[in-house]
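# An overview of the molecular structure
Listed here are the chains, written in short residue letters.
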Amino acid sequence: MGMRDVKGNSPALRGTYGIRVNEAAWRAINALKLPKFAHTVFWWFYRSLAIVIFLLLWEISARLELANPVFLPPFSKVVLTLYKMALSGELAKHFIISAQRALTGFSMGLLVGIPAGLIIGWFSKFEYFIDPLMQIFRNLSVLALLPVFMLLFGIGEFSKIALIFWGVLWTLILNTVAGVKSIDTQLVKAARAMATPAPLLFALVILPGAMPSIVTGIRISATSSVLVLLAAEMLGANRGLGFAIHYYEGQVRIPQMYGMIVVLAILGLLISYSLIALEKHVFRWRQKVGVGE
Amino acid sequence: MANKAANGLLPGIISEGIPAQGTASHHSQNAKIVLRDLRQVFHLRNAEKNANEEFVALDNFSLSIGEGSFVAIVGPSGCGKSTLLDILSGLSKPKSGDIHIDGKLVTGPALDRGFVMQGYALFPWRTVIKNVEYGLVIKHIPKKQRIEICKKYIDLVGLNGFENRYPSELSGGMCQRVSIARSLAYDPKVLLMDEPFAAVDAQTRETLQDELLGIWEKTKKTIIFITHSIEEAVLLADRVVVMTARPGRIKNVLDIALPRPRRAADMRVSANYSSISHRIWEMLQNDDIPL
Ligand SMILES: Nc1ncnc2c1ncn2[C@@H]1O[C@H](COP(=O)(O)OP(=O)(O)OP(=O)(O)O)[C@@H](O)[C@H]1O
Ligand SMILES: [Mg+2]
C-alpha cells in the first residue's frame, strides 16, 4: 500500500509545467512569431483560458438565475465581497491564523517525520517490526481521530496543530522509509568503502538518495494538511478559513462563504506550484535522464 | 599436472608461482599487502531441504603483493573475486584469515584503499566534481584545496570541461573515469578495481586501459584488478592470479615479464602476449567447474 503512493507520477517528470500543453495550440502560438513579451502574455492567456471559461460559466449561470440566486451568487459579486473583506481586515484575520496552524503542524511533521523515516528505513529489522502499526496510523482517517484529539487536547490551538502534525507525519515517515529502501546499495557500499562515518553517511548519501521519495511525501501530505486543517476549524474554532466557511454559511452570508472558498482555491494552487518548483529543484539531476547516454 | 609440462613452451615469460603459501613467503620482504589464509563462508537457506547450508566462497587464499605492483585476478564467474575484494576493502570480514597492509591488520574500510566498483557507483545527485570530491570531504580537506585536487584528477582522467555535469549526462566510459578519479583523489596507496572496464565498448576499453597504465606509472599505486578478460589481465598486470571456483582458490600465480611501458595497441600484435593469454585461457579451460 505504502509503496504505491511513492511512485506517484510527479508533475516535474511529466513536463516542465505539470500539465502538458496541447501540442497543436502550442505550435499555432509559436507560428505567430510574436515578440517575446507578447508571446509570454499569449502563453499565460492560453494557460488560464480554462479557468476563465469556468468563471464565465459561473457568472452567466448565476446572472440567468439557473440556480437559486441566494445560494449561487455571481462570481463578480464574490470578488467584490472578497475585496471588501480584505479591506476590513476580516480576510487577514482568518487567513493568518489558518496559515499559522498549517505551517506549524506541517513543519513539525517535517522535523520529526524525515529524521524518523531515515532512521527507521536504515534499520530494516526495526522497520519490519514497526511498519504494520505505521500503516494503520497512516490509513486511518485523521478525521475519525478529530474527536479523540479534542477530548485529549481540548479545542485550543494545540489540538489543531497536533491533528495536522499527526495527519502529515505517517505519510512523511513512510515515504522517507521507502526512499531510504530504494537507495542503490552500491552507493552505500561505495560510501562505506570510503570510510564515511555514520552521520555523514546520512547527510551525504541516505538523505539525498531518499529525497525524491521524500518530496513526493511532502506533496501528498501538504494536500492532506489543508484538508485536516479545514475539518478541525469547522468543528472547533472561532477563527480560520475553515471556521469562516462554516460560519458564513450558518449566517447565510453566501458571497462571503464563496469568498473564503476562492481564497482556499488560490492557496491550493500556490502550494501546488511551489511544490512543483521544489520538485524541479530536487530532481534536477534526474531531469535529463535518457539524454545523456 | 598438464600445466607444468606446458610451462616449458614459454621460458622466461611466465614463471608459474606455486599457489598459496609458497608465493606469500617468496615476496614477503617488501610486501605492501599480505593476505593470509583467507576463507569466506556464506550461510544460505536451502528452501528444498529446509536447512541452512554453508557455501565456501573463498578458501585458503594467501597472496603477497609487492609495493607498487599491479596484480590482476581472473577466474570463472562466481569463484569469489568480488568476495575477495569486499574483504580487502574492509566492507566484509573474512570467516578466518587476515590481511595486513604495511604490516597493519585490516579491520575495516579506510581511505588507504580506493575501491572502483563494477557499476561505477557514482552519486547521481552529485556533479562530476562533487563526486570526485567525496573522499576529500570525508578526509576533512579544506574546500579550496579540495577543488584544486579534484581539478587535477579530473584532468588526469581526461574529463576537463565536464566538471559540472551530472552522471546521467555522461556516457558509460566517462562515468568509469569519474569513478576512477574519485578513488584516486583522496590518494589511497592501494587501488582495488572490480571489473572496471566490463561495461564499456572495446575501443573505450582500450583507451581506459592505456590511461590506467599511465596513471599507475605516474602515481605508483599498488593495484589489484579483477577482470573477466584474460587479455586485459596480461596487458596490465605484473602478476596474474588465476582462480578456480567452488571453493574459490588460487590455481596459479603467473609473473608477466612483458616489457613496459605497455600499450594496448602494441600488445595486440605481440606474439608473447598472445601465447601468455592463450596459456591462461587453457588453465581456465582445464578447470573442471561443476555444472
Ligand atoms: N552475500 C552472499 N550470500 C550468499 N552467497 C554469496 C554472497 N555473496 C557472494 N555469494 C556467492 O559466493 C560466490 C562468489 O561470489 P562473487 O561475487 O565473489 O563471485 P565473482 O568471482 O565476483 O563472480 P563474477 O565474476 O560473476 O563477478 C558466488 O557463488 C556467490 O553466489
Ligand atoms: Mg564479481
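## A look at the overall build of chain B
Along its length, chain B carries 10 helices and 11 strands. Here chain B, with 291 residues, has 56% of them falling under the buried criterion. Long-range pairs, those at least 24 residues apart, make up 72% of the contacts in chain B between residues at least 6 apart in sequence. Total accessible area on chain B is roughly 12800 Å²; 53% of this is exposed by carbon and sulfur atoms.

## Description of the interface of chain B and chain A
With 27 residues of chain B at the contact, the number on the chain A side is 22 residues. For the chain B and chain A pair, buried surface summed over both sides reaches about 2200 Å², with 68% attributable to carbon and sulfur atoms. Our count for the contact surface shared by chain B and chain A stands at one salt bridge. When the shortest N-O distance is used, the salt bridge between Asp-86 of chain B and Lys-189 of chain A registers 3.2 Å. Applying the counting rule to chain B against chain A returns five residue pairs in polar contact (both at pLDDT 80 or more).

## Considerations on the packing of helix α12 (residues 241-250) of chain A against helix α13 (residues 254-282) of chain A
All names here are of chain A. Contact pair α12 / α13: the axes reach a minimum separation of 8 Å and the direction vectors enclose 155 degrees. One way to sum up the angle between α12 and α13 is to call them roughly antiparallel. For the pair α12 and α13, the sense of crossing is left-handed. Contacts from Leu-241, Ala-244, Ile-245, Tyr-248 and Glu-249 in α12 reach Gln-256, Met-257, Met-260, Ile-261, Val-263 and Leu-264 in α13. The residue inventory of the contact of α12 with α13, partitioned by class, reads nine nonpolar, one polar and one charged.

## So, helix α5 (residues 75-88) of chain A
Residue and element names in this part refer to chain A. Taking 1.5 Å of rise per residue, 14 residues should cover 20 Å, and α5 covers 20 Å from first to last C-alpha, within 8% of that figure. Where α5 is concerned, the buried positions are Phe-75, Val-78, Thr-81, Leu-82 and Met-85. All buried residues of α5 lie within an arc of 120 degrees about the axis, which places them on one face of the element. Across from the buried face of α5, at angles greater than 90 degrees, the exposed residues are Tyr-83, Lys-84 and Leu-87. Those residues of α5 hidden inside the fold are in contact with α4 (36-63), α6 (90-122), α12 and α13. Positive backbone phi, approximately 85 degrees, marks Gly-89, located one or two places after α5.

## A look at unusual backbone geometry
All names here are of chain B. Arg-246 connects to Pro-247 through a cis peptide bond whose omega is -10 degrees. Structurally, Pro-247 can be placed in the loop between β10 (239-244) and β11 (249-256). Cis peptide bonds are those with omega within 30 degrees of zero, and the linkage from Arg-260 to Pro-261 qualifies with -5 degrees. Inspection of the secondary structure assignment puts Pro-261 in the loop between β11 and α9 (264-268). Notably, Tyr-120 is not glycine yet its phi reads approximately 65 degrees, a positive angle. Along the chain, Tyr-120 turns up in the loop between β7 (113-116) and α4 (128-138).

## Section: the pattern of salt bridges
Following the criterion strictly, the structure yields 22 salt bridges over all chains and no others. A salt bridge links Arg-36 of chain B to Asp-98 of chain B; its shortest N-O distance comes to 2.9 Å. Residue Arg-36 of chain B is located in strand β2 (residues 31-46), and its partner Asp-98 of chain B is located in strand β5 (residues 96-101); the two are separated by 62 residues in the primary sequence. Among the residues examined, Asp-98 of chain B registers a relative accessible area of 16% and is labelled buried. Measuring nitrogen to oxygen at the nearest pair gives 3.4 Å for the salt bridge that ties Lys-189 of chain B to Asp-187 of chain B. A residue is classified by how much of its surface remains accessible, and Lys-189 of chain B, at 40% relative accessible area, is partly exposed. Classification of Asp-187 of chain B as partly exposed rests on a relative accessible area of 37%. The network of salt bridges with common partners includes Arg-101, Glu-157 and Glu-233 of chain A.

## Observations regarding the packing of aromatic side chains
One pass over the structure, following the stated rule, counts 19 aromatic pairs over all chains. Arranged with centres 6.0 Å apart and planes meeting at 65 degrees, the rings of Phe-149 of chain A and Trp-166 of chain A form a pair that is edge-to-face. Here Phe-149 of chain A, found in helix α8 (residues 142-153), pairs with Trp-166 of chain A, found in helix α9 (residues 157-181); they are 17 residues apart in sequence, far enough to count as distant. Take Phe-149 of chain A: its relative accessible area is 10%, and that puts it in the buried class. With centroids separated by 5.3 Å and ring planes inclined at 25 degrees, the aromatic side chains of Phe-243 of chain A and Tyr-247 of chain A adopt a geometry described as stacked. Pair noted here: Phe-243 of chain A and Tyr-247 of chain A are both in helix α12, with a separation of four residues, about one helical turn. In textbook terms, an aromatic cluster arises when at least three aromatic residues are bridged by ring pairs, as seen for Phe-137, Phe-149, Phe-153, Phe-158, Trp-166 and Trp-170 of chain A. A cation over a ring is seen here: Lys-220 of chain B above Trp-216 of chain B, with NZ or CZ 5.6 Å from the ring centre.

Parameters at a glance
- Residues numbered from 1 in each chain as written.
- Chains lettered and ligands numbered in written order.
- Predicted model: local features only at pLDDT ≥ 70, side-chain atom pairs only at ≥ 80, totals over all residues.
- Heavy atoms only, no water.
- Helix = DSSP H or I, 4+ residues; strand = E, 2+ residues; numbered from the N terminus.
- Buried < 20%, exposed > 50% of the residue type's maximum accessible area, 1.4 Å probe, protein only.
- Contact = heavy atoms within 4.5 Å.
- Areas by Shrake-Rupley, 256 points an atom, 1.4 Å probe, with all protein chains shown as cover.
- Buried area = accessible area lost by both parts, 1.4 Å probe.
- Salt bridge = Lys/Arg side-chain N within 4 Å of Asp/Glu carboxyl O.
- Polar contact = N/O pair within 3.5 Å; in protein donor to acceptor, adjacent residues only side chain to side chain.
- Axes fitted to C-alpha atoms, helices over the stretch in contact; angles between N-to-C directions.
- Parallel < 35°, antiparallel > 145°, perpendicular 65-115°, else oblique.
- Left-handed = near helix turned anticlockwise from the far one by under 90°.
- Nonpolar A, V, L, I, M, F, W, Y, C, P; charged D, E, K, R; others polar.
- Expected span 1.5 Å × (residues − 1).
- Arc of directions from axis to C-beta.
- Phe/Tyr/Trp six-rings, centres within 6.5 Å; stacked < 30°, edge-to-face > 60°.
- Lys NZ or Arg CZ within 6 Å of the ring centre and 35° of its normal.

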